[in-house]
Amino acid sequence: MAEIIEIKDDTHPEVQNTPTQLADQPQDVIEQEIETLAYNWLTLFNGTPDSFWPIFKTLSYLGFPRALSFTFSIEMILVLWLLESLDSDDVELTAASWSILLINAVVVMGLSPLYALNPLLNTLLGEIATSDDEVQTNILRDKFSRLVKQGYVIGAALLPFTLIPLLFSETLLKDLLGQDEEVAASTQEFTRVFAPAMLALDVRLVTEEVIYAFDQQVFAAGAGLGNLAIGMTTGWYLAKYQGMGPRGIALGCVIESYFTAMSFVARLGLHKAFKEYHFFTNWKNLHHYYLSLIHISEPTRPRL
């Protein structure tokens with residue numbers, strides 16, 4: 001007995017929504033149904049703007065380089081692997097795990113406000129792109145530059161709160177979390193060397209959001225991965241061949257952070273796409289930027 005299939009076809013209302021035997025239908029109905037099903041599957045990849053493949057390529061172009069450019073996450077995985085490769089004892093391995101955990105927590109919680117820059121910068125850039133009035137365009141560009149400067153100021157204001165847990169991690173782990181004294185001391189030895197990297201991470205995150213807004217994430221990925229290789233290679237050399245141990249790897253992280261931050265800042269200062277913006281000049285009335293911490297939404301208001 002032939003299989004019973006429900007056929008829906010707009011060109012043959014007499015069979016629409018009617019269960020019937022496929023073999024009993026006219027040949028043209030069968031061919032039309034097959035063509036419709038084939039078309040529905042092929043439109044996923046046929047290149048039309050709303051099909052699957054163009055959307056996937058666009059999201060991949062935007063997402064993969066951004067994921068690769070944020071090398072901090074990759075760096076933490078490499079740091080843990082390198083620390084475990086140093087023939088460490090149980091205390092050092094436990095301290096390595098606590099170091100990575102503490103640094104991740106500090107970066108995620110302490111620097112997360114800086115990620116709010118991304119939608120604000122993209123909104124302003126869209127207004128700049130659609131503005132037909134030169135005066136208004138210049139005002140929007142100045143507003144964009146002020147928003148970036150405010151990001152740097154916010155990062156500076158957050159810096160003490162991110163440094164304290166790293167500089168005094170022994171007290172945090174031993175007195176508050178009840179960890180072994182030796183583990184706490186070994187953890188602090190690593191985090192104190194790493195602590196200066198927080199300043200570079202502040203600068204890097206703000207600058208990176210500007211680079212993303214201008215659709216230059218491929219550069220960000222290339223610079224980030226290149227500097228990561230330099231930092232981790234240097235850290236491994238210091239740890240393994242200069243007798244610095246975990247402190248050498250932590251110093252490699254600091255080197256990577258500052259190299260990446262300087263690369264991104266140089267991009268903003270030298271690339272032609274940013275020549276109409278003043279990210280690093282005209283810092284008069286600096287106290288206005290600190291006052292903007294109280295009114296963080298002020299850069300997005302229409303009134304200037």
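Above this note sits the structure.
None of these values were measured; they are calculated from a predicted model. (Residues numbered from 1 in each chain as written. Predicted model: local features only at pLDDT ≥ 70, side-chain atom pairs only at ≥ 80, totals over all residues. Heavy atoms only, no water.)

1. Examining the overall build of the protein chain
From N to C terminus, the protein chain includes twelve helices and two strands. Its helices and strands taken in sequence order, the protein chain reads β-β-α-α-α-α-α-α-α-α-α-α-α-α from the N to the C terminus. When burial is assessed residue by residue, the protein chain has 39% of its 304 residues classed as buried. Sequence-distant contacts in the protein chain: of pairs separated by 6 or more residues, those separated by 24 or more amount to 72%. (Helix = DSSP H or I, 4+ residues; strand = E, 2+ residues; numbered from the N terminus. Buried < 20%, exposed > 50% of the residue type's maximum accessible area, 1.4 Å probe, protein only. Contact = heavy atoms within 4.5 Å.)

2. Details of the packing of helix 3 (residues 71-84) against helix 10 (residues 217-241)
Where helix 3 meets helix 10, the axes come as close as 11 Å, and the angle between the chain directions of the two elements is 20°. It follows that helix 3 is roughly parallel to helix 10 by the angle criterion. As for the relative orientation of helix 3 and helix 10, their crossing is right-handed in sense. Only G224, L225, L228, M232 and W236 of helix 10 make contact with helix 3, whose side of the interface consists of T71, I74, E75, L78, V79 and L82. Taken together, the residues of the contact of helix 3 with helix 10 sort by class into eight nonpolar, two polar and one charged. (Axes fitted to C-alpha atoms, helices over the stretch in contact; angles between N-to-C directions. Parallel < 35°, antiparallel > 145°, perpendicular 65-115°, else oblique. Left-handed = near helix turned anticlockwise from the far one by under 90°. Nonpolar A, V, L, I, M, F, W, Y, C, P; charged D, E, K, R; others polar.)

3. Topic: the packing of aromatic side chains
Throughout the structure, instances matching the rule amount to eleven aromatic pairs. Residues F214 and F274 carry aromatic rings whose centres are separated by 4.7 Å and whose planes lie at 65° to one another, so their mutual orientation is edge-to-face. Residue F214 is located in the loop between helix 9 (197-213) and helix 10, and its partner F274 is located in the loop between helix 11 (246-270) and helix 12 (287-291); the two are separated by 60 residues in the primary sequence. Of the residues examined, F214 reaches a relative accessible area of 17% and is grouped as buried. An aromatic cluster of three or more residues is present, and its members are F144, Y152, F214, F274, Y277, F279 and F280. The ring of F219 has R267 sitting right over it, with the charged end atom 4.1 Å from the ring centre. (Phe/Tyr/Trp six-rings, centres within 6.5 Å; stacked < 30°, edge-to-face > 60°. Lys NZ or Arg CZ within 6 Å of the ring centre and 35° of its normal.)

4. Let's talk about the nonpolar core
Formed by 56 residues in total, the largest nonpolar core has its most connected members in V79, F144, F194, M198 and V210. Where this core is concerned, the elements lending two or more residues are helix 3, helix 4 (90-111), helix 5 (117-130), helix 6 (134-167), helix 8 (181-194), helix 9, helix 10 and helix 11. (Core = buried A, V, L, I, M, F, W, Y, C linked by side-chain atoms within 4.5 Å.)

5. Details of the side chain of E256
Position of E256 among the secondary structure elements: in helix 11. Discounting chain neighbours no more than four positions away, the residues touching E256 are T71, E75, R204, G224, N227, L228 and G231.

6. As for the pattern of salt bridges
By the definition in use, this model includes five salt bridges. As a salt-bridge pair, E189 and R247 come within 3.2 Å of each other at their nearest N and O atoms. Placement of the pair is E189 in helix 8 and R247 in helix 11, with a sequence separation of 58 residues. A salt bridge links R204 to E208, with the shortest nitrogen-to-oxygen separation between them at 3.5 Å. One end of the pair is R204 and the other is E208, both in helix 9 and four residues apart, which spans about a single turn. A single burial state applies to R204 and to E208, both of which are buried. (Salt bridge = Lys/Arg side-chain N within 4 Å of Asp/Glu carboxyl O.)

7. Section: unusual backbone geometry
Its identity is not glycine, yet D215 carries a phi of approximately 60°, on the positive side. On the basis of relative accessibility, which here comes to 40%, the residue D215 falls in the partly exposed class.

8. Comments concerning a nonpolar patch on the surface
There is a patch of nonpolar side chains on the surface, built from I230, F259 and M262 and spanning about 270 Å² of accessible area. As for its placement among the helices and strands, I230 is situated in helix 10. Its relative accessible area of 39% is what places I230 among the partly exposed residues. (Patch = residues over 30% accessible without salt bridge, like charges linked within 9 Å, V, L, I, M, F, W, Y side chains within 5 Å. Areas by Shrake-Rupley, 256 points an atom, 1.4 Å probe, with all protein chains shown as cover.)

9. Description of helix 9
Since the α-helix packs 3.6 residues into each turn, any two residues three or four apart lie on the same face. Here helix 9 spans 24 Å end to end across 17 residues, near enough to the 24 Å set by a 1.5 Å rise per residue. Among the 17 residues in helix 9, 15 count as buried, and that is most of the element. Two residues or fewer after helix 9 comes D215, characterised by a positive phi angle close to 60°. (Expected span 1.5 Å × (residues − 1).)

10. A closer look at a negative patch on the surface
A cluster of like negative charges, contributed by D89, D90, E92, D175, D180, E181 and E182, occupies part of the molecular surface. Looking at the negative patch, the elements with two or more residues in it are helix 4 and helix 8. Note that E92 resides in helix 4. (Lys, Arg positive; Asp, Glu negative; His and termini not counted. Charge placed at Lys NZ, Arg CZ, Asp CG, Glu CD.)

11. Some thoughts on the environment of F70
You can see F70 is positioned in the loop between helix 2 (52-69) and helix 3. Judged by relative accessible area, F70 falls into the buried class, the value being 19%. For the pair formed by F70 and A221, sequence separation is 151 residues and the distance between their alpha carbons is 7.4 Å. Leave out the neighbours within four places in its chain, and F70 touches Y115, R204, L205, E208 and Y212.

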